[in-house]
Amino acid sequence: MNEQQINDIRNDFPILSEKIYNKDLIYFDNGATTQKPRSVVEKIEQGYYHTNANIHRGVHFLSQKATEAHEEARSIVANFLGTDKKEEIIFTRGTTEAINLIAFSYGEAYCSEGDEIVVSVMEHHSNIVPWQMLCERKKMTLRVIPANEAGELDMTAYQNMLNERTKLVSVMHVSNVLGTINPVADIIKLAHAQNTPVLIDGAQAVPHIAVNVKELDADFYVFSGHKIYAPTGIGVLYGKENWLNAIPPYQGGGEMISTVSFKKTTYNELPFKFEAGTPDYIGSTALAEALKYVLNIGIDKIADYEHQLMMYATEELNKIQGMRIIGNAQNKSSVISFLVNDIHPYDIGMLLDKLGIAVRTGHHCAQPLIDSLGIPGTIRVSFAFYNTKAEIDVFVTALKKVVTMLS
Ligand code: PLP
């Protein structure tokens, strides 16, 4: 992408022109949430101003319009993930809800005492705790794939972990702390060799790299809208049709039923079986708009540009004395975690903030990973396609100043 293109893109994101403490905002916290382009915000406004009505059950004009928009959004998501079956797309509140859905519904149907679930050491809490809760309910064991020094999963340990008691493997596609792009295709292949289904947490992957659930052969793939330029409160669970049909509903209520009586209630077909209550039908259309925005730039172009940013920032950061980058995988996304000498991450983050630079500090909801590394947390910068090398230069200069002050 050239400078003109980046400038045009930046103009689509009004918040990037904000001043923070009278300084130009530099937003390097895209792993936590992304900023929203005008087209997405306008889509929300247009929905509420012109087509707002509850969906699926109304005969009137507005309800039909809103239903069409919601279902079209589902088709756009399906297309984005590479499936031609839109009933394989379930709208959720986000990654967390999608994982909880599978932990509950799959767990109820397929797991029992003595069984095992496999996750990795680098998982986000949302891909640990729902499985711990399942293990507690059913007296099962959680197995953990370790990682090497560089932050890459130990595939031999993983392979040795799989056995006839493994009921599901649930791993992240891209680490929100280390930036590692995990070899999920291989992870899925190995699990499938013994008929174990796999859930992939794609929260940090879909905004940055091309994902095709059919090519990966993932059984479940989940992500959050707000990390891909869409609003908060909307997310996606992709599930293979046969799995979604085989597992029971997660929540009961309106929409998810076919008939209700006090004797017997029957459930709706996919995808509605998993969408109890009024869905976020404005959020779904805004998500579709965000995906269109991303596709319009081109996901490969985005991946390439963000990789350049990551490589450049890594090179510049490594020039700082006492710099320790946490996560040096061969295959890495646009996330950089680091520490400088023994300065506490929080102190660096606080001072950078005063200079208008938004970074994240702490355990990044991956406490087991941070504990395993024996560190207090990290400072994390995570890039999006609207960030620039010029911003990285300002950030590195500011960081040097901050480090001098705190040393
Ligand atoms: N998984 C990963 C890898 C994440 O980075 C995050 C959020 O940071 C989540 C899951 C949880 O996403 P959400 O809070 O949108 O449900």
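Residues numbered from 1 in each chain as written. Predicted model: local features only at pLDDT ≥ 70, side-chain atom pairs only at ≥ 80, totals over all residues. Heavy atoms only, no water.

Asks: Tell me what's going on with helix H1 (residues 3-11), and back it up with residues and numbers.
Replies: Every buried residue of H1 is listed here: Ile 6, Ile 9 and Arg 10. Buried residues of H1, viewed axially, fall in a sector of 100°; they line one side. Those residues of H1 that are buried are in contact with helix H10 (281-297), helix H11 (299-317) and helix H14 (389-406). Where H1 starts, the residue carrying a side-chain oxygen 3.2 Å from the main-chain nitrogen of Gln 4 turns out to be Asn 2. (Buried < 20%, exposed > 50% of the residue type's maximum accessible area, 1.4 Å probe, protein only. Helix = DSSP H or I, 4+ residues; strand = E, 2+ residues; numbered from the N terminus. Arc of directions from axis to C-beta. Contact = heavy atoms within 4.5 Å. Polar contact = N/O pair within 3.5 Å; in protein donor to acceptor, adjacent residues only side chain to side chain.)

Asks: Explain the state of the cysteines to me, and be specific about the residues and the numbers.
Replies: Applying the stated criterion across every chain yields a total of zero disulfides. Free of any disulfide, Cys 135 has its nearest neighbouring cysteine sulfur in Cys 111, separated by 8.0 Å. Exposure remark for Cys 135: the relative accessible area of 8% places this residue in the buried category. (Disulfide = S-S within 2.5 Å.)

Asks: Which residues make up the packing of helix H4 (residues 95-110) against helix H5 (residues 129-138), and what are the values?
Replies: The contact between H4 and H5 brings their axes to 9 Å, and the two run at 25°. For the element pair H4 / H5, the angle class is roughly parallel. Here H4 and H5 pass one another in a crossing that is right-handed. Of the residues in H5, those in contact with Ile 99, Asn 100, Ile 102, Ala 103, Phe 104, Gly 107 and Glu 108 of H4 are Pro 130, Trp 131, Leu 134, Arg 137 and Lys 138. Taken together, the residues that form the contact of H4 with H5 break down as seven nonpolar, two polar and three charged. (Axes fitted to C-alpha atoms, helices over the stretch in contact; angles between N-to-C directions. Parallel < 35°, antiparallel > 145°, perpendicular 65-115°, else oblique. Left-handed = near helix turned anticlockwise from the far one by under 90°. Nonpolar A, V, L, I, M, F, W, Y, C, P; charged D, E, K, R; others polar.)

Asks: An account of the pattern of salt bridges is needed here, citing residue identities and associated values.
Replies: For the structure on display, the rule yields 20 salt bridges. Among the ionic pairs, Glu 391 bridges to Arg 10, the shortest N-O distance being 3.3 Å. Highlighted residues: Glu 391 in helix H14 and Arg 10 in helix H1, separated in sequence by 381 residues. With a closest N to O distance of 3.1 Å, Asp 29 and Arg 360 form a salt bridge. Of the two residues, Asp 29 sits in the loop between strand S3 (26-27) and helix H2 (38-50) while Arg 360 sits in strand S16 (residues 360-362), which places them 331 residues apart along the sequence. Residues participating in the shared-partner salt-bridge network are Glu 71, Arg 74, Lys 86 and Glu 275. (Salt bridge = Lys/Arg side-chain N within 4 Å of Asp/Glu carboxyl O.)

Asks: Lay out the packing of aromatic side chains in plain terms, naming residues and giving numbers.
Replies: This structure, assessed with the given rule, holds 16 aromatic pairs. Taken together, a centroid distance of 6.1 Å and an interplanar angle of 75° make the contact between Phe 13 and Tyr 229 edge-to-face. Taken together, the residues span a long stretch of sequence, with Phe 13 in the loop between H1 and strand S1 (19-20) and Tyr 229 in the loop between strand S9 (220-224) and strand S10 (235-239) at a distance of 216 residues. Across the pair, exposure class does not vary: Phe 13 and Tyr 229 are buried alike. Through a chain of ring-to-ring contacts, the aromatic side chains of Phe 13, Tyr 229, Tyr 293, Phe 385 and Tyr 386 assemble into a single cluster. Between the NZ or CZ atom of Lys 389 and the centre of the ring of Tyr 312, over which it lies, the distance is 5.2 Å. (Phe/Tyr/Trp six-rings, centres within 6.5 Å; stacked < 30°, edge-to-face > 60°. Lys NZ or Arg CZ within 6 Å of the ring centre and 35° of its normal.)

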